[in-house]
Amino acid sequence: DYVVIMTPGHQGDYALLEQVLQKKTKYVGCIGSRHKIARTQQLLREAGISEEAIASVHSPIGLPISAETPAEIAISIAAEMIQCRAEK
């Protein structure tokens, strides 16, 4: 499974990641600012999620292609998922 998480806040990201990281997935990506990502990671640590599982989350999400528009961001995310599939 490939999972992309795009909620408006770290609480939503945390709730979804806590559940998803307990399953076996090929790809988990989470969109967000550095602050949002750091806060979400801290909540996951406090919940006992392993560092390995936290580190497996692609965040920031997408390949670094200087995407700006929603369409470009979507393409960068899709490209990252394709790259992940190709590497495994």
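As the structure is a prediction and not an experimental result, all values here were calculated from the model.

> Account for the environment of T7, naming residues and giving values.
Within the secondary structure, T7 is located in the loop between β1 (2–5) and α1 (10–20). According to the relative accessible area criterion, T7 is buried, its value standing at 18%. With 24 residues separating them along the chain, T7 and I31 place their C-alpha atoms 7.9 Å apart. With near-sequence residues (within four places) excluded, T7 lies in contact with G12, D13, L16 and K36.

> An account of the pairing of β1 is requested, with residue identities and associated values reported.
Only one face of β1 is buried, namely the one carrying V3 and I5, since none of Y2 and V4 on the opposite face is buried. Handedness of the β1-α1-strand β2 (residues 27–30) crossover: right-handed.

> Can you break down the nonpolar core residue by residue, with the values?
Judged by nonpolar contacts, the single largest core of 14 residues is most densely connected at L17, L21, V28, L44, I49 and V57. Looking at this core, the elements with two or more residues in it are β1, α1, β2, α2 (34–46) and α3 (51–55). With three residues, the single largest contributor to this core is α1. Among all residues touching V57, those that are not within four sequence positions of it are L17, L21, V28 and C30.

> Residues and numbers for the side chain of K36, please.
On the secondary structure map, K36 appears in helix α2. Those residues in contact with K36 that lie beyond four places of it in its chain are T7, P8, G9, H10, D13 and I31.

> Can you tell me about unusual backbone geometry, naming the residues and giving the values?
For the bond from S59 to P60, the omega torsion is 5°, close enough to zero to count as cis. With respect to the helices and strands, P60 occurs in the loop between α3 and α4 (70–87).

> Just give me the short version of the packing of α1 against α2, but keep the residues and values in it.
Where α1 meets α2, the axes come as close as 9 Å, and the angle between the chain directions of the two elements is 45°. For the element pair α1 / α2, the angle class is oblique. Considering how the two elements wind past one another, α1 and α2 form a crossing that is right-handed. Between α1 and α2, the residues in contact are H10, Q11, D13, Y14, L17 and E18 and K36, R39, T40, L43 and L44, respectively.

Rules behind the numbers
Residues numbered from 1 in each chain as written. Predicted model: local features only at pLDDT ≥ 70, side-chain atom pairs only at ≥ 80, totals over all residues. Heavy atoms only, no water. Helix = DSSP H or I, 4+ residues; strand = E, 2+ residues; numbered from the N terminus. Buried < 20%, exposed > 50% of the residue type's maximum accessible area, 1.4 Å probe, protein only. Contact = heavy atoms within 4.5 Å. Right-handed = clockwise from strand over helix to strand, strands pointing away. Core = buried A, V, L, I, M, F, W, Y, C linked by side-chain atoms within 4.5 Å. Axes fitted to C-alpha atoms, helices over the stretch in contact; angles between N-to-C directions. Parallel < 35°, antiparallel > 145°, perpendicular 65-115°, else oblique. Left-handed = near helix turned anticlockwise from the far one by under 90°.

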